[in-house]
Amino acid sequence: MNIIAWLILGLLAGALAKAIYPGDQGGGIVSTIILGIIGACIGGTLFTLLRTGTLQFTAATLSIPGLLVAILGAVIAIYLWTLFQRSSRA
């Protein structure tokens, strides 16, 4: 059941982050799910760092606050990916 929750969270967070972030990110459903899962990890870790002051690898859960944190993390992941793509082209 935990894997299904991660897939649902990844799909929702990735799709909403792609809708929020300007431009065309491309990719299909699998890349959207992976983006959302990476976003949940980035967002959960940053939220834990801001809340407790310690750097721990944590991930967001399938809840409304967890979804918001995952969306924020996915937007950060898209931003970092576009920076990486620009620097590799130059």
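This one's a predicted model, so the numbers in the text were calculated from it and none came from an experiment.

Draft legend 1. Representation of a nonpolar patch on the surface within the structure. A surface patch of nonpolar side chains, amounting to about 440 Å² of accessible area, comprises L11, I29, V30, I34 and I38. A total of four residues in the nonpolar patch trace back to one element, the largest contributor, which is helix 2 (residues 29–52). Of note, V30 is situated in helix 2.

Draft legend 2. View of the layout of surface pockets. The volume enclosed by the largest pocket comes to roughly 460 Å³. Only helix 2 and helix 3 (64–89) provide two or more residues apiece to the lining of the largest pocket. Among the elements that take part in the lining of the largest pocket, helix 3 stands out by supplying eight residues, more than any other. Considering only residue class, the lining of the largest pocket consists of nine nonpolar, seven polar and four charged.

Definitions and cut-offs
Once a new chain begins, its residue numbering starts again from 1 and follows that chain's sequence as written. Per-residue local features of the predicted model are confined to residues with pLDDT of at least 70, and side-chain atom pairs are confined, for both listing and counting, to 80 or more; whole-chain, interface and lining totals are unaffected and use all residues. The basis for every side-chain value is the complete set of heavy atoms in the structure, and neither hydrogens nor water enter the calculation. Two distance rules govern patches: like charges are joined within 9 Å, and nonpolar side chains (Val, Leu, Ile, Met, Phe, Trp, Tyr) within 5 Å, applied only to residues with over 30% relative accessible area and no salt bridge. Surface accessibility in these figures is a Shrake-Rupley result with a 1.4 Å probe; residues are shielded only by whichever protein chains are displayed. Salt bridges are identified by distance alone: a Lys or Arg side-chain nitrogen within 4 Å of an Asp or Glu carboxyl oxygen. Helix and strand definitions follow DSSP, with helices as H or I runs of at least four residues and strands as E runs of at least two, each counted in order from the N terminus. In this analysis, the protein atoms alone were mapped onto a 1 Å grid. Cavities are point sets where a 1.4 Å probe fits without being able to get out; pockets are open sets with protein on both sides within 12 Å along at least five of seven lines; lining residues have an atom within 4 Å of a point. Grid points are joined across faces, edges and corners, and a volume is the space filled by probe spheres set on the points. Each residue is assigned to one of three groups, with Ala, Val, Leu, Ile, Met, Phe, Trp, Tyr, Cys and Pro labelled nonpolar, Asp, Glu, Lys and Arg labelled charged, and all others, Gly among them, labelled polar.

Keep in mind these numbers describe shape, not what the thing actually does.
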